[in-house]
Amino acid sequence: MLTVTLIRHGESTHNVLALWSGCTECPLTERGVQQARVVGAYFANTRFTKIYASPLPRARDTAQAVLDAQPTPKPPHDFTITQIREQSFGAAEGHQTCIREPDKTLEAHFAEGKYPILYESEKHVAFPGGESVEDLTRRAERAVREVVLPHVVNVARYGREEHIALVSHGLCIAQVASAIVRLGGGTWKRKGPMVNTAWVRVEVRIQDEIPVEVADDEVPPVEVTVTDEGRADHLEGLLDDGPLLGMKAIMGGGVVDAKSPNEAEEQTSVVL
């Protein structure tokens with residue numbers, strides 16, 4: 001069996017300011033560093049086969065804390081996986097969101113340097129110079145093919161247990177987890193946003209009798225199960241009380257499907 005644990009990065013400076021972060025290289029806050037150390041300690045007795053991370057500093061530094069807490073010999077790692085960086089928000093990065101103005105198009109908002117939260121029904125829409133959700137979905141598919149599938153093939157060929165960690169970002173994790181589930185022909189949709197350093201776990205079980213003759217780029221028959229979602233029991237005392245709201249919910253992987261333009265802030269409130 002292959003186990004994939006997807007970990008969101010610790011709190012960043014943009015998270016605190018509720019800014020569109022995307023691919024901006026914002027660092028961890030002091031609390032984010034503490035969260036990274038705590039999640040590393042939480043997984044200290046989990047022997048990872050390999051640890052992967054987005055190259056953005058907030059994810060890379062969180063992954064380093066996870067690696068530092070691993071027993072010797074340390075597992076191999078690669079913290080340069082651009083396919084699991086956060087969704088790019090282009091011109092919106094570094095800006096706060098805003099409530100949509102009635103009867104004004106998105107293009108008119110963008111022309112004024114205003115970047116409202118996009119609805120779930122607008123997966124095709126991107127901020128100027130950025131990626132849409134559809135773009136992110138395609139990138140997540142490539143990430144699974146390039147990073148996760150080789151481990152699935154190893155398990156199928158040799159029958160050994162493997163457990164990999166991917167340290168990434170809230171929106172990207174939701175898409176990568178969904179893409180892994182699709183390897184088995186299933187579908188999965190997140191129940192709500194993830195707080196910083198929360199984690200999702202996906203198990204991939206080979207269905208045929210092992211060993212399986214399979215090409216490097218071939219998906220063997222698998223059963224895929226999401227066993228844990230949004231786990232954050234390691235964070236006692238390192239979280240704000242109450243629900244994630246607005247931009248903090250969006251960056252944690254929350255979605256908005258508002259019926260009217262001014263419902264966005266309310267609909268991104270998700271109690272965890």
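In the block above lies the structure referred to throughout.
It should be emphasised that the depicted structure is a prediction, and the values quoted were computed from it without experimental measurement.

Colleague: Would you mind showing me how to read the nonpolar core here?
Modeller: Leu6, Val148, Leu166, Val176 and Ile180 are the most contacted members of the largest nonpolar core, which totals 52 residues. Mapped by element, the contributors of at least two residues to this core are strand 1 (2-8), helix 4 (106-111), helix 5 (133-158), strand 4 (162-168), helix 6 (170-182), strand 5 (199-206) and strand 6 (222-231). Element by element, the count of residues in this core is highest for helix 5, at 11 residues. Those residues in contact with isoleucine 180 that sit more than four places away from it in its chain are Val4, Val144, Val148, Val202, Val204 and Val224.

Colleague: Please clarify how the sheet that holds strand 2 (residues 50-53) should be interpreted in this entry.
Modeller: In any sheet, the strands associate via hydrogen bonds between backbone groups, in a parallel or an antiparallel arrangement. Within the open sheet, the six strands sit side by side as 3-2-4-1-5-6. Their pairing is mixed. In this open sheet, the two strands that pair with only one neighbour each are strand 3 (77-78) and strand 6. Here four bridges tie strand 2 to strand 4, and the two strands are oriented parallel to one another. Across the sheet, the residue bridging to isoleucine 51 is alanine 165, located in strand 4. Along the sheet, helix 5 contacts strand 1, strand 2, strand 4, strand 5 and strand 6; its crossing angle with strand 4, the most-contacted strand, is approximately 175°. Where helix 6 meets the sheet, its contacts fall on strand 1, strand 4, strand 5 and strand 6, and the angle it forms with strand 1 comes to roughly 165°.

Colleague: How should I be thinking about the packing of aromatic side chains in this particular structure?
Modeller: Counted by the stated rule, this structure contains 10 aromatic pairs. On the numbers, 4.7 Å between centres and 55° between planes, the contact of tryptophan 20 with phenylalanine 89 is tilted. Note that tryptophan 20 is positioned in the loop between helix 1 (13-17) and helix 2 (30-42) and phenylalanine 89 in the loop between strand 3 and helix 4, a separation of 69 residues in sequence. Between tyrosine 42 and tryptophan 199, the ring centres sit 6.0 Å apart and the planes meet at 45°, which makes this aromatic pair tilted. Taken together, the positions of tyrosine 42 in helix 2 and tryptophan 199 in strand 5 put the pair 157 residues apart, joining distant regions of the chain. The class for tyrosine 42 is partly exposed, based on a relative accessible area of 29%. The exposure class assigned to tryptophan 199 is buried, which follows from its relative accessible area of 2%. Among the aromatic residues, ring-to-ring pairing joins Trp20, Phe89, Phe110, Tyr115 and Phe127 into one connected group. We note arginine 100 situated over the ring of tyrosine 119; from NZ or CZ to the ring centre the distance is 4.0 Å.

Colleague: Quick question: what am I supposed to make of unusual backbone geometry here?
Modeller: For residues other than glycine, phi is negative in most cases, and the peptide bonds are mostly trans. Cis peptide bonds are those with omega within 30 degrees of zero, and the linkage from threonine 72 to proline 73 qualifies with 0°. Tracing the backbone shows proline 73 in the loop between helix 3 (57-68) and strand 3. The peptide bond linking isoleucine 210 to proline 211 adopts the cis configuration, its omega dihedral lying at 5°. Within the secondary structure, proline 211 sits in the loop between strand 5 and strand 6. A positive phi angle is found at alanine 18, which is not glycine, with a value near 55°. With respect to the secondary-structure elements, alanine 18 resides in the loop between helix 1 and helix 2. Backbone geometry places threonine 197, a non-glycine residue, at a positive phi of 70°. Mapping threonine 197 onto the fold places it in the loop between helix 6 and strand 5. You can call threonine 197 buried: its relative accessible area is 0%.

Colleague: Looking at this structure, how should I read the pattern of salt bridges?
Modeller: Think of it this way: side chains of opposite charge can pair up when their charged atoms draw near. Scanning the model with the defined rule gives 16 salt bridges in all. The partner of aspartate 61 in a salt bridge is arginine 60, and the shortest N-O contact between them spans 3.5 Å. When the shortest N-O distance is used, the salt bridge between lysine 104 and glutamate 112 registers 2.9 Å. Its relative accessible area of 45% is what places glutamate 112 among the partly exposed residues. Sharing partners across several salt bridges, the network here consists of Glu101, Lys104, Glu112 and Lys114.

Colleague: So what exactly am I meant to see when it comes to helix 6 here?
Modeller: One turn of the α-helix equals 3.6 residues, which is why residues spaced by three or four share an orientation. For helix 6, with 13 residues, the first-to-last C-alpha span of 19 Å sits near the 18 Å given by 1.5 Å per residue. Among the 13 residues in helix 6, 12 count as buried, and that is most of the element.

Colleague: Can you help me understand the packing of helix 2 against helix 3 in this one?
Modeller: In a packed pair of helices, the relevant descriptors are the angle between the two axes and the axis-to-axis distance. Viewed as axis vectors pointing N to C, helix 2 and helix 3 meet at an angle of 35°, and their least axial separation amounts to 7 Å. For helix 2 against helix 3, the interelement crossing comes out right-handed. Residues Ala36, Arg37, Val39 and Gly40 of helix 2 pack against Thr62, Ala65 and Val66 of helix 3. When its residues are assigned to classes, the contact of helix 2 with helix 3 shows four nonpolar, two polar and one charged.

How each quantity is defined
Residues numbered from 1 in each chain as written. Predicted model: local features only at pLDDT ≥ 70, side-chain atom pairs only at ≥ 80, totals over all residues. Heavy atoms only, no water. Core = buried A, V, L, I, M, F, W, Y, C linked by side-chain atoms within 4.5 Å. Buried < 20%, exposed > 50% of the residue type's maximum accessible area, 1.4 Å probe, protein only. Helix = DSSP H or I, 4+ residues; strand = E, 2+ residues; numbered from the N terminus. Contact = heavy atoms within 4.5 Å. Pairing = 2+ DSSP bridges. Axes fitted to C-alpha atoms, helices over the stretch in contact; angles between N-to-C directions. Phe/Tyr/Trp six-rings, centres within 6.5 Å; stacked < 30°, edge-to-face > 60°. Lys NZ or Arg CZ within 6 Å of the ring centre and 35° of its normal. Salt bridge = Lys/Arg side-chain N within 4 Å of Asp/Glu carboxyl O. Expected span 1.5 Å × (residues − 1). Left-handed = near helix turned anticlockwise from the far one by under 90°. Nonpolar A, V, L, I, M, F, W, Y, C, P; charged D, E, K, R; others polar.

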